[in-house]
Amino acid sequence: MRQRRRARAGVVATLTAAVMAVLATAIPVTSAGAATETCGKDTKAIGFIFVGPKNDYGYNQAAYEGAMALKKEYPKLKILTAENVPENDDATRVMESMISKGAKIIFATSYGHLDPAEKVAKANPDVCVVQQGNFIKGGIAPNLGTYFGTVYEPVYLAGIAAGESTKSDKLGYVYAFPIPQTISNINAFTLGAQSVNPDVKVYTVATSNWCDPSKQADAANSLIGQGVDVITQHQDCTSTITKIANDKGVGVVGYHADASSLAPKTWITGSEWDWAPLYSDIVKTILAGDFTGSQFNDNYRVGYKTGTNPFVQSKYGKSVSADTKALIAEKLQEISTTGSPFAGPVKTQSGGTMFPAGDVPDYAAIEAANTVFVAGVVGDLPKS
Amino acid sequence: MSFGTELMAGAVLGGTPILYAALGESISERAGVINLGTEGNMLMGALAGYAVTAESGNPWIGLAGAALGGALLASVHGSFVLWRRTNQLATGLVVLFLALGLTSLFGVNYVQSTINAFQTIDVPLLSDIPVLGDVLFEQTAPVYVSYALVPLLWLLLFRSRPGLYLRAAGERAQVLTTYGRPVRLVQMLAVVGGGALAGIGGGVLATAYTNAWFENMVQGRGFVAVAVAVFAARSPFKVMAGAYLFGGAFALSPLLQVRGVDINQFALDALPYVLVIVVLVVIGRRGTSPAPEGLQEVFEGGASE
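No experiment lies behind these values; they were computed from the predicted model shown.

With that settled, consider the confidence of the model for chain A. All names here are of chain A. Mean pLDDT for chain A: 89, with 90% of residues reaching 70 or above. Of all helices and strands in chain A, the one with the weakest mean pLDDT is helix 1 (residues 2–26) (50), whereas strand 6 (residues 170–175) scores best (97). Across residues 20–36, confidence stays below pLDDT 50; counting only partners more than four residues off in sequence or on other chains, it has six contacts.

In structure tokens form, the structure reads like this:
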């Protein structure tokens, strides 16, 4: 399918190039840069690219569902979607082909889609390109932005449930790559668990892959072999680990989607996406012609303190007590107002200070500081 | 369990899908046909195994479906290579891409299905043996089947008349012709049978290991299986050892990570593939190629009659 799509994109690109060459010679170019201020305003379509399949029970599915919600909200706009778009120049081609079909709003939804997104934004000043989850360092073009939720906030709350649930004081975390988002999740999960159970250790395994079920199985088995009795993960496809944990009687904290049906026996809680409100806000801003200079023309992060976090708590499993639920509700209130999952003192794995006592860091400070694990995490960040 | 025990148990668990596929490739190569599309056969098997299990509720029926899926794809390879005389290596790769496309297209509907997967069965008495019991006898049913399959295939290849024909087709096709046996038919059966085994390997991956179907979930293990078949000289017992070696190489990284061992993880992840190259270099150095003679004509397009 990927092959075919690539071939089709190639044909479209060639045709587009040919048409543009004819137009360029036929029509004198008048005001090339004038469109920059109002990217995306007169769009006929909205393009979405996903790194994986749209029904992966995880990250890509959540983004796809967000796209479908836009379809309902804007029936006149075409929603173009492309699955399995690799994080390389193929992504550039797919986005260009969407633009040639009339899309002036592009959502590039994977972390590694940032480079292609930047290229497309630069080449098409009349197109608004927003990227999900990455962080642009330095100057941001007037038609570009990144957006994300403060994912680690619900993960911190789930960590509380995990810390209450564990009997061995050993939690397991399977992740793909040591990107900042993942590191802050692992740290927040650890801090949440420690807040109710200071002895807790979080054992980590990196799979170097967003979806290799065999490696996930190996990782889960290794963790269970160490006596881990609650497992969570940061992978694109989540069913393998969820099912293995359920089969072996190990607690499951979900990520990306509500997978409680896959772990009826051991589901604790989790975090899942609800992108629709944020996607809707972004599109509304663009259609009003207000994108440039707006909060979305930036590295936009929304959390409990600043608005509606697109990452929400999943439902609780039957093992979670009313006391734990009440405690989590209380903590949610706290980090939505005066507190933070990373409220100091937070020590790093090597004994340094991440945040001193009394410090309540803001979102930017948290994102900047999460390059190392906190104390209580077992496992090293992969070295290259 | 100790580190060593866990590593060996992980090697058997992760090595079994590779074992099935490498046994299949061995049969095919013994008959003189390389199938580089083994990865594709495994993908077909993984999807067919998962889908049929999801529909029927029985993983054994699922594995039958996996065998059928692998066999069907292999018959495409066999038809082209044996009757159209296409290049074996190129055809194998084309067939792989065909499988990638087909499985991602038809697999979409099964990503969210749940299945009644194979569960771990502790063999009475045997699983109580120290170390060995934990490693060999606390596994799933398809693993136990593979223990029996290896000696059976050895008997078939080296102690039976059909095995003799099969090897003759790969070594000295003329002999087989002299005896009035249809060379291409024998080769075709070997290719299809090998594909069925690779399909089962994929099915095991989906129904007894990961309990999931995802697009491209085999992730290169089919190529590892081809390498195992080559360096194990297409001999079932050596193939078994080779498959477990690679199963162990895949299992090593998470086992070290959960112990907080300071490792270069990217190097460890590359280990199985580095191992393939090292082993091939060492074998190449020995000078004598253990390949069936028919395989040495691979670039002329198929084994000759």
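Right, let's get into the packing of helix 1 (residues 3–30) of chain B against helix 10 (residues 221–231) of chain B. Residue and element names in this part refer to chain B. Between helix 1 and helix 10, the least distance of the axes is 8 Å, while the angle of their chain directions is 55°. With respect to their mutual orientation, helix 1 and helix 10 come out oblique. Once helix 1 is placed against helix 10, the crossing between them reads as right-handed. Mapping the contact onto sequence places P17, I18, A21, A22, E25, S26 and E29 in helix 1 and R221, G222, V224, A225, V226, V228 and A229 in helix 10.

What follows is about helix 6 (residues 180–196) of chain A. Its 17 residues place the ends of helix 6 of chain A 25 Å apart at the C-alpha level, agreeing with the 24 Å of an ideal helix rising 1.5 Å per residue. In terms of burial, helix 6 of chain A is a largely internal element, 13 of the 17 residues being buried.

This paragraph deals with the sheet that holds strand 9 (residues 251–256) of chain A. Residue and element names in this part refer to chain A. Spatially, seven strands are ordered 12-10-9-8-6-7-15 in an open sheet, and the strand pairing comes out mixed. Since the sheet does not close on itself, it has two edges, and those belong to strand 12 (311–313) and strand 15 (377–378), each with one partner. Bridge count between strand 6 and strand 7 (residues 201–206): six bridges; the pairing is parallel. In the sheet register, K170 faces strand 7, and the bridge partner there is K201.

To continue, consider helix 6 (residues 141–159) of chain B. A turn of α-helix holds 3.6 residues, and therefore any two residues three or four places apart point the same way. Residues and elements named next belong to chain B. Taking 1.5 Å of rise per residue, 19 residues should cover 27 Å, and helix 6 covers 27 Å from first to last C-alpha, within 8% of that figure. At L149, helix 6 shows its maximal bend, which comes to roughly 25°, and the proline P151 appears one to four places after that position. Listing the buried residues of helix 6 in full gives P142, V143, S146 and L153.

Attention shifts here to the pairing of strand 7 of chain A. Moving residue by residue along a regular strand, the side chains alternate between the two faces of the sheet. All names here are of chain A. Of all six residues that make up strand 7, six are buried, and the element is covered over most of its length. Burial along strand 7 is two-sided: the face carrying K201, Y203 and V205 and the face carrying V202, T204 and A206 are both buried. Viewed along the sheet, the connection from strand 6 through helix 6 into strand 7 turns out right-handed. Pairing geometry for strand 7 and strand 15, over two bridges, is parallel. Bridge assignment links V202 to a residue of strand 15, and that residue is V377.

Now for the interface of chain A and chain B. Each side of the interface is counted separately: chain A has 38 residues, and chain B has 34 residues. Ranked by the residues each element gives to the side of chain A that touches chain B, the list is headed by helix 7 (residues 213–225) of chain A, at 10 residues.

The next thing to look at is the environment of L98(B). Residue and element names in this part refer to chain B. With respect to the helices and strands, the residue L98 is situated in helix 4 (residues 88–107). Accessibility expressed as a C-beta count within 10 Å gives 17 for L98, which makes it partly exposed. Separated by 25 residues in sequence, L98 and L73 have C-alpha atoms that sit 8.9 Å apart.

Turning our eyes to something else, we now look at unusual backbone geometry. Generally, phi is negative for residues other than glycine and the peptide bonds are trans, each holding for most cases. All names here are of chain A. In this model, G344 is joined to P345 through a cis peptide bond whose omega is 0°. Of note, P345 is situated in the loop between helix 10 (322–337) and strand 13 (346–347). Positive phi values are uncommon outside glycine, yet N84 reaches one of about 55°. As for its position among the elements, N84 is in the loop between strand 2 (78–82) and helix 3 (89–100).

Definitions and limits used
Residues numbered from 1 in each chain as written. Chains lettered and ligands numbered in written order. Predicted model: local features only at pLDDT ≥ 70, side-chain atom pairs only at ≥ 80, totals over all residues. pLDDT = per-residue confidence, 0-100. Helix = DSSP H or I, 4+ residues; strand = E, 2+ residues; numbered from the N terminus. Contact = placed C-beta atoms within 7 Å. Axes fitted to C-alpha atoms, helices over the stretch in contact; angles between N-to-C directions. Parallel < 35°, antiparallel > 145°, perpendicular 65-115°, else oblique. Left-handed = near helix turned anticlockwise from the far one by under 90°. Expected span 1.5 Å × (residues − 1). Buried ≥ 20, exposed ≤ 12 C-beta atoms within 10 Å, placed from the backbone. Pairing = 2+ DSSP bridges. Bend = angle between axes of the 7 residues up to and from the residue. Right-handed = clockwise from strand over helix to strand, strands pointing away.

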